[in-house]
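# Overview (structure and organization)
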Amino acid sequence: MRSKGVRLYGAYDIRLEEFDLPDIRDDEILVRVMSDSICMSTYKLLVQGKAHKRCPANVDTHPVMIGHEFAGDIIKVGKKWLGEFAPGEKFAQQPALNYKGSLASPGYSYEYFGGACTYCIVPPEVMELGYLLHYDGESYFEASLGEPMSCVVGGYRGSYHTSRHSHEHIMGIKEGGSLLIMGGCGPMGLGAIEYSMTLEKKPALIVVTDLSGERIARARHLIPESMAAARGIRLVYVNPGECTDEFAELMSFTGGKGYDDIFIYNAIRSLAEMGDRLLGYDGCMNFFSGPTDQAFSANINLYNCHYSSTHIIGTTGGTTGDLKESIRLAAEGKIRPAVMVTHIGGMDSIVETTKNLPNLPGGKKLTYTQFDMPLTAIEDFREKGKKDPLFARLADCCDAHGSLWSSEAEKILFTHFGIV
């Protein structure tokens, strides 16, 4: 079968091209990709090329498909999986394989398995792990965003506290505690704020910092303080750049006790060091944002580590259980993955978007791979709609959903481009 997609040949070398897929084997499945959201991790792959731990050494002669936050339709099922999967059904997928100790993962390592394409082949190890998931949600994009949301879920589940009377680790953030999300008004941070309010073990206080007044304004519009208050949580947005004394102001929200849980959502040394200073007794800091610099480090207070039982962890990716939880919460309307999305594009936008990702404003860039469309900010739909009726309809739809992308908006695109 003929496919079209974006493939990596090495550092700073990705190309949109057409190529042939081999016939699937009895233990494989052919899928049509419908949506693929672009992750900063893919940009890190682009920068590092062969130096990336998940990138094969022969990528220059056997290019890999990029994209790992994808969903779509099953087209053809190998004999081994007939009865378990059927052509025509939707799928979601868990890209964090860790198959028999291998770091191979879709979007990084496979010649015929990745999200930035029209069609790809799901290999047998994914099937054996149970990482191709049945999905009956209304939209494709929420299944795509299930992957980044699963990383958020994994971060919350990986954080822990200790008991003063035993060595038991109590998993999760502290119930009724204070939570600080630093650099938290980007796409992943917004997902983290949303998810925190669905927990049984809810925090009593959530403080979110960001240096961008524009990002804070968008976060406050999408997740206002009143929404958190209705759930019994005090939510505070802070721009540290406007603080006379950042440490003192952030500490003041906890009454000087420090924070029980801190998430670091930007790989900035000063941010991590400030987070460490702000930890309270038995405080847990989760360094969530992965750096590209393999020697990235920061100073931590080991006196507090010893006497105040502070601890630092790092989480990356999510488990299949985390992914299923993300999809379930989205289907039930308890979280809105759409808060992450600020731009929509088609297949032809993926190369330049990926290359320029750190310099593009806003949050998640969501792409649809079955048609071409320039990457466009949702906030620009109305202006573009003055000349293009498609964007006028999309603007009306997004306005009706609180400025957010939606399954209805997705259907407008599919209808316009004749996608069935």
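Now for a description of the structure that goes with this document. (Residues numbered from 1 in each chain as written. Predicted model: local features only at pLDDT ≥ 70, side-chain atom pairs only at ≥ 80, totals over all residues. Heavy atoms only, no water.)

## Here we look at the overall build of the protein chain
For clarity, the cut-off: Each helix is a run of DSSP H or I of at least 4 residues and each strand a run of E of at least 2, with the numbering of both proceeding from the N terminus. Throughout, the radius of gyration refers to the C-alpha atoms, and the reference size of a globule is 2.2 Å times the residue count to the power 0.38. Relative accessibility decides the category of a residue: with a 1.4 Å probe and only protein chains considered, values under 20% of the type maximum give buried, values over 50% give exposed, and everything between is partly exposed. Residue contacts are defined here by distance: any two heavy atoms, one from each residue, within 4.5 Å place the two residues in contact. Using a 1.4 Å probe, the Shrake-Rupley method yields the accessible areas, and only the shown protein chains count as cover for residues. The charged-residue count follows a simple rule in which Lys and Arg add positive charge and Asp and Glu add negative charge, with His and chain termini not counted at all. The atoms used to mark charge sites are NZ of Lys, CZ of Arg, CG of Asp and CD of Glu.
Regarding its fold elements, the protein chain presents 15 helices and 19 strands. For the protein chain, the C-alpha radius of gyration of 22 Å lies close to 22 Å, the compact-globule estimate for 420 residues. C-alpha extents for the protein chain along the principal axes are approximately 65 × 55 × 40 Å. A buried classification covers 56% of the 420 residues belonging to the protein chain. The contacts in the protein chain between residues at least 6 apart in sequence include a share of 73% that link residues at least 24 apart. In the form shown here, the protein chain has an accessible surface area of approximately 18,000 Å², with 51% of it arising from carbon and sulfur atoms. Side chains of the protein chain give 41 positive and 52 negative charges; the mean places of these two sets differ by 1 Å.

## A closer look at the nonpolar core
Note the following rule: Only buried residues count toward a nonpolar core, which is a set of Ala, Val, Leu, Ile, Met, Phe, Trp, Tyr and Cys residues joined through side-chain atoms within 4.5 Å.
Among the nonpolar cores identified, the biggest contains 59 residues, and Tyr156, Ile344 and Trp405 are the most heavily contacted of them. Here this core takes six residues from helix α14 (residues 389–400), the largest share from any one element. Other than its neighbours up to four places away in sequence, tryptophan 405 contacts Phe141, Ala338, Val341, Ile344, Leu366, Tyr368, Ile378, Phe381, Leu394, Cys398, Glu410 and Leu413. Ile24, Ile29, Phe70 and Phe113 belong to the second largest nonpolar core, which has 26 residues in total.

## Considering empty space enclosed by the protein
Selection rule: Buriedness of a pocket was judged along seven lines, with at least five required to meet protein on both sides within 12 Å; pockets are open sets of points on a 1 Å grid over the protein atoms alone, cavities are sets where a 1.4 Å probe fits but cannot get out, and lining residues have an atom within 4 Å of a point. Grid points are joined across faces, edges and corners, and a volume is the space filled by probe spheres set on the points. Polar here means any residue other than Ala, Val, Leu, Ile, Met, Phe, Trp, Tyr, Cys and Pro, which are nonpolar, and Asp, Glu, Lys and Arg, which are charged; Gly is therefore polar.
The final tally for this structure, using the stated rule, is one cavity of 30 Å³ or more. Put simply, the parts of the chain that give the lining of the largest cavity at least two residues each are β3 (29–38) and α12 (350–355). Looking at side-chain class alone, the lining of the largest cavity contains five nonpolar, three polar and one charged residues.

## Side note on the packing of aromatic side chains
In plain terms, the rule: Think of it this way: a Phe, Tyr or Trp ring, Trp meaning its six-membered ring, pairs with another when their centres are within 6.5 Å, and the plane angle makes it stacked under 30 degrees, edge-to-face over 60, tilted otherwise. Working rule: Lys NZ or Arg CZ, within 6 Å of ring centre, within 35 degrees of ring normal, means a charge sits over the ring.
This model, assessed by the stated rule, comprises 16 aromatic pairs. Ring centres 6.2 Å apart and planes at 50° place the aromatic pair phenylalanine 263 and tyrosine 265 in the tilted group. Side by side, phenylalanine 263 and tyrosine 265 carry an identical accessibility label, which is buried. When the ring of phenylalanine 381 is compared with that of tryptophan 405, the centres are 6.2 Å apart and the planes differ by 65°; the resulting orientation is edge-to-face. Note that phenylalanine 381 is positioned in helix α13 (residues 381–384) and tryptophan 405 in the loop between α14 and α15 (407–417), a separation of 24 residues in sequence. Across this residue pair, the class does not change: phenylalanine 381 and tryptophan 405 are buried. It is lysine 90 that lies over the ring of tyrosine 140; its NZ or CZ is 4.8 Å from the centre. The aromatic ring of phenylalanine 247 is capped on one face by arginine 277, whose charged end is 4.1 Å from the ring centroid.

## Examining the sheet that holds strand β11 (residues 178–182)
Adjacent strands of a sheet pair through backbone hydrogen bonds, lying either parallel or antiparallel. Test applied: Strands are labelled as partners when DSSP assigns at least two bridges between them. Note on geometry: axes are C-alpha line fits, over the in-contact stretch for helices, and angles between N-to-C directions span 0 to 180 degrees.
Across the sheet, six strands lie side by side as β13-β12-β11-β14-β15-β16; this open sheet has parallel pairing. Every interior strand has two partners, whereas the edge strands, β13 (234–238) and β16 (311–313), have only one. The average angle at which neighbouring strand axes cross in this sheet is 15°, direction not considered. Pairing of strand β14 (residues 259–264) with strand β15 (residues 279–287) involves five bridges; the strand directions are parallel. Among the inter-strand pairings, aspartate 261 is bridged to a residue of β15, identified as cysteine 284. Packed onto the sheet, helix α9 (residues 269–278) meets β11, β14, β15 and β16 and runs at close to 155° relative to β15.

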